[in-house]
Structures are given as C-alpha cells and as structure tokens.
Amino acid sequence: MLEAVLIDLFSLPANLQNNIQGLLHNTLEALEKCSAIHAPCVYVMCCQRQGSERKGEQEFLLAALKGFQSLKRRLELVCAQTTAAALYTIKQRLDEKDLSIIKVILPTLRKDLMKVYIDHLFTAVYQFEFEDLQVMSDSESLQISEHQHEGQILPSQDVALIQSEIQMYLESLPSLKGELTILRSSLIPADIFLHGFTTRTGGISYIPTLSSCNLFSSSKRRDPQVVVKENLRRLANAAGFNPEAFHRVKVDHANAVCIMGKTEPDNYDGIVTDQKGVTLAAPGADCIPVLFADPVRRACGAAHSGWKGTLLGVSMATVNAMVSEYGCNVKDILVVLGPSVGPCCYKLPHESAKEFHRIDPKCVKLFDSASPYIDIRRATRILLERGGILPENIQDDSITDQNQNITFCTACHPDKFYSHFRDGTNFGTQIGFISIKD
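Residues numbered from 1 in each chain as written. Predicted model: local features only at pLDDT ≥ 70, side-chain atom pairs only at ≥ 80, totals over all residues. Heavy atoms only, no water.

**Side note on empty space enclosed by the protein**
Taken as a whole and assessed by the stated rule, the structure comprises one cavity of 30 Å³ or more. Counted as a void, the largest cavity has a volume near 40 Å³. The wall of the largest cavity is formed by Thr-310, Gly-313, Val-314, Ser-315, Met-316, Thr-380, Leu-383 and Leu-384. Contributions of two or more residues to the lining of the largest cavity are made by α8 (314-326) and α10 (376-386). Classifying every residue of the lining of the largest cavity gives four nonpolar, four polar and no charged. (1 Å grid on protein atoms, 1.4 Å probe; cavity = no way out; pocket = protein on both sides within 12 Å on 5 of 7 lines; lining within 4 Å. Points joined across faces, edges and corners; volume = space filled by probe spheres on them. Helix = DSSP H or I, 4+ residues; strand = E, 2+ residues; numbered from the N terminus. Nonpolar A, V, L, I, M, F, W, Y, C, P; charged D, E, K, R; others polar.)

Here it is, written out as structure tokens:
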C-alpha cells in the first residue's frame, strides 16, 4: 500500500513558475480522489530561492496546499538549496514515520537524475515507483501521466556532480549526540600503532537505533552507504588515519582470515597486515571486535568474533596468520577485546550453550535453563591462551571491575554503544580499528 508521495517541483522551467499553483492543485486533487481510505503522506520538494522571488514562490505553493482536508495533516512543503538537501530532509520525515513505499511524481527530464540521488541516499528497505509529470510549455494545462519511459544512463560527469553535491551536504551537517569518542588501550604501544574502538557518538546518523556514528550499511537497514562513509571520514579525521586505505572484514561469522596484499576471500572475519598506513577494522554490535598487535615484528590484525566465530576459533586463526605470514612469535602478540555483549545479558539456546560449556563450564551461567547466559569473552580468552597468547597480553576489562575502559557490555550501555541484542534488526555498528604508523 502506498505510504508516501514525493512531488518534485525542484527544477521546473522559469517560464512555468506561474503555473506551479495550478499544477500542484491538480496533482493533489488526483491524489485525494485515489487515496480516500488511506491518505499517503505528501512531500512537495522545491528550490529555495533568494529574496522576494523565494518568498513569492513559497506563498504560491502554500496557497495550493489549502483545501485538501484528507491530506491536510500529511502535507509538507520542503524547500532547500539543493536536491540532496531537500531529499535528505524528506528521508528524515519518512524515517520518523517508518514509511518505505514511496511514489515520486516528477518531470520526465528529472527522472534519471532523481534515481541517482535515490540510489545514494536510500537503501533497499525503501520501494520507489515513478510517475511522470508532463509539463506542457505551450499550454496552461499541466497534467500527470502514467507513461513510463526507459531511462537513459546519465553521463559519468553528471553522476560525479551528484555524488559531490551529496557529499558536500552531508559534510555540512552537525554531529549528533555529542563529540566523537574513541576508546584506546594502554596495552597497544601508541608509538608504533594507531588504534581504537568507536562509540556511537559524533556522527550524522539520525535514526534512534543508528544514531549517531553508525559505521555499517546494509540492504536491511535505513542508513545508506554515503552516511556511513561520512561517519567514517569524521572518525578518520579524529583518529588520524586515511579513510581511502581502510579495510573492514567481510563478516561471515566464521574463521577465514584475509592477508593484505594477497587474493581477498569473498568473506572473512579476520584480517592481518604488516603494511604501514593501512587501517584494518572489525565491526561489533554485541560481537567482539578484537585487535591484535605485534610490536616486535610490527604486524597487526583485526577480527570479528561473534558466538559462531568464537567457537570456530577466529581469534586464533588471526594469530596463526600473523605467525605464518610475518614470522610473529605468539608470545609477542598483544590482544585487546573491544566492547561486546557481556555474560550479564547474552543468552543462547541450550544446544549452542553446550559448545561453550565444553570450552569451560564457567563460560555458561544457568546451564540447565532453555537459554543459558554465555560469556563469549571468556571463551575467546581461553582459546587464545591455549594457543600460546600470554594471559598478561590479553586485555579484557570485564574480568575486573577496576579501571574498565574498553570491554564494556554493549547491551548495558545504550548511551555509548550499539547492540543488536537490545535494538533489534535496524541496529547500528561500532568498530575496532588498527594500523601501523608510518
């Protein structure tokens, strides 16, 4: 069922500006007749002009909005200086109301441009259909047509201009929820490595469960890649790394490891390098982002360790890759466990809990229940120590209540961290990152 309508009047020819009021009236009248039972939200998008010209045009548009009682409370005029700004504002309105099915009514010549904007600013969560707004320059009658035409591929320079416009607009937005905060470990030597764990503050993501420094985009969530890229740019500026030399694991909840400089696997949860200036990252939104550093051989790594990856030994697989590829001594490798869901909150079905019980009974609380509590951090530490990592070379702040500064429970701290367990499917993601300094 149609949930929203976007009427694009952003770039009507100058000689047709006087016809906007009549055009809008006819369009809304048609919508009102078609939507008697379920009135969609309607957003009218136009260019924000300067001075008296701007004021006059907006007065015309506002006059056209009057008189549509069934649509009245669901109508909004959105004026902005760029298409990116107007469309992003409308996206915020859609997200506030959790709307996903949108009809876009626009001049035929704007359709291919609009599709590029939508591809960048929206994800596959949203469904769009397009309806042509036939603007007749030799007639005062302006009409809507259901005619669909085959879109032409825009020249690459036009696409680049749109991308630049979107980027400039996103860069201009204020940070939300406070300053960008990076947690750092004293275990990893700062003179050799640049590293940190992000929190949820200091980005531009505005959806409550994603706000504000979300660092992962997917087809199932409402944060588009361009917003995540802007959050990453702000993080890179604050942390001091190059976002163009940034490599995040391709999560598979398994134990494959990517060796930087070799053929990249399709999916992997660990990544290692000895190249300077290359930043490696692992996401976490309950799963553990694990960082590895060898100050002797000057190599590093990152791993994503959820409950499946923990059982499959992804952390030791990452250690073994550092040993085999770069000649690291396992006793020199430092390991830091990042923010992740703690045994205070995390439950798994009894069958899965059995696997953790086999590693160590202390990894499971209330073992006889249907959904025991699981300590994936303890299991990770035990497997690392069995593999030869020295206990004093593993930082896991959850084993003591004193001086906790890295390994917080993500589910217990909604002000600081994202949590899939707590927030549901449209959750945000923080990361752990590390690189070797130049």
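**Remarks on the nonpolar core**
Among the nonpolar cores identified, the biggest contains 40 residues, and Leu-87, Tyr-88 and Leu-170 are the most heavily contacted of them. Elements that contribute at least two residues to this core include exactly β1 (4-8), β2 (41-47), β3 (75-80), α3 (83-96), β4 (101-107), α4 (111-121), α5 (156-172) and α6 (225-239). Ranked by the residues each element gives to this core, the list is headed by α3, at seven residues. Each of domain 1 (4-135 + 159-172) and domain 2 (182-436) gives at least three residues to this core. Core analysis: the next-biggest nonpolar cluster, separate from the first, contains 37 residues, Ala-299, Val-319, Tyr-346 and Phe-356 among them. (Core = buried A, V, L, I, M, F, W, Y, C linked by side-chain atoms within 4.5 Å. Buried < 20%, exposed > 50% of the residue type's maximum accessible area, 1.4 Å probe, protein only. Domains from an automatic or database assignment.)

**Overview of the pairing of strand β12 (residues 279-284)**
For β12, the tally of buried residues reaches six of six residues, placing the bulk of the element in the interior. Both faces of β12 are covered, namely the face carrying Thr-279, Ala-281 and Pro-283 and the face carrying Leu-280, Ala-282 and Gly-284. Pairing between strand β9 (residues 246-248) and β12: three bridges, direction parallel. Bridge pairing in β12 links His-247 to Leu-280. (Pairing = 2+ DSSP bridges.)

**A word on the sheet that holds strand β19 (residues 430-436)**
Ordered in space as β7-β8-β19-β12-β9, the five strands form an open sheet in which the pairing is mixed. In the strand order of this sheet, the two ends are held by β7 (182-183) and β9, each with one partner. Judged from the two bridges that link them, β7 and strand β8 (residues 193-198) form a sheet pairing that is antiparallel. Opposite Leu-183, over in β8, you have Phe-197 as the bridge partner.

**Points about the layout of surface pockets**
The computed volume of the largest pocket comes to approximately 620 Å³. What lines the largest pocket is a set of 23 residues, among which Arg-221, His-253, Cys-287, His-420 and Phe-427 lie closest to the centre. Listed by contribution, the elements that provide at least two residues to the lining of the largest pocket are β12, α7 (307-311) and α11 (420-423). The class makeup of the residues in the lining of the largest pocket is ten nonpolar, nine polar and four charged. By volume, the second largest pocket is sized at about 270 Å³. Lining the second largest pocket are 13 residues, with Gln-167, Val-226, Lys-229, Glu-230 and Arg-233 sitting closest to its centre. Taken together, the elements giving at least two residues each to the lining of the second largest pocket come down to α5 and α6. Classifying every residue of the lining of the second largest pocket gives five nonpolar, three polar and five charged. Viewed by domain, the lining of the second largest pocket spans two of them, domain 1 (4-135 + 159-172) and domain 2 (182-436), each represented by three or more residues.

**A word on the environment of Val-42**
Locating Val-42 in the fold gives a position in strand β2. Taking C-alpha positions, Val-42 is 8.7 Å from Leu-28, a pair spaced 14 residues apart along the chain.

**Describing the packing of aromatic side chains**
Per the counting criterion, the structure on display carries eight aromatic pairs. Seen in terms of ring centroids, Tyr-88 and Tyr-169 are 5.8 Å apart; in terms of plane orientation they differ by 70°. Their pairing is edge-to-face. Separated by 81 residues along the polypeptide, Tyr-88 in helix α3 and Tyr-169 in helix α5 bring together distant segments of the chain. An angle of 15° between the planes, with centres 5.8 Å apart, marks the rings of Phe-241 and Phe-246 as stacked. One aromatic cluster in this structure is built from Tyr-88, Tyr-169 and Tyr-206. The ring of Phe-427 carries the charged tip of Arg-221 above its face, separated from the ring centre by 3.9 Å. (Phe/Tyr/Trp six-rings, centres within 6.5 Å; stacked < 30°, edge-to-face > 60°. Lys NZ or Arg CZ within 6 Å of the ring centre and 35° of its normal.)

**Considering the pairing of β4**
β4 sits mainly inside the fold: six of its seven residues count as buried. In this sheet, β4 lies alongside β1 in parallel orientation, the contact comprising four bridges. When the bridges of β4 are listed, Ala-4 appears paired with Ile-102.

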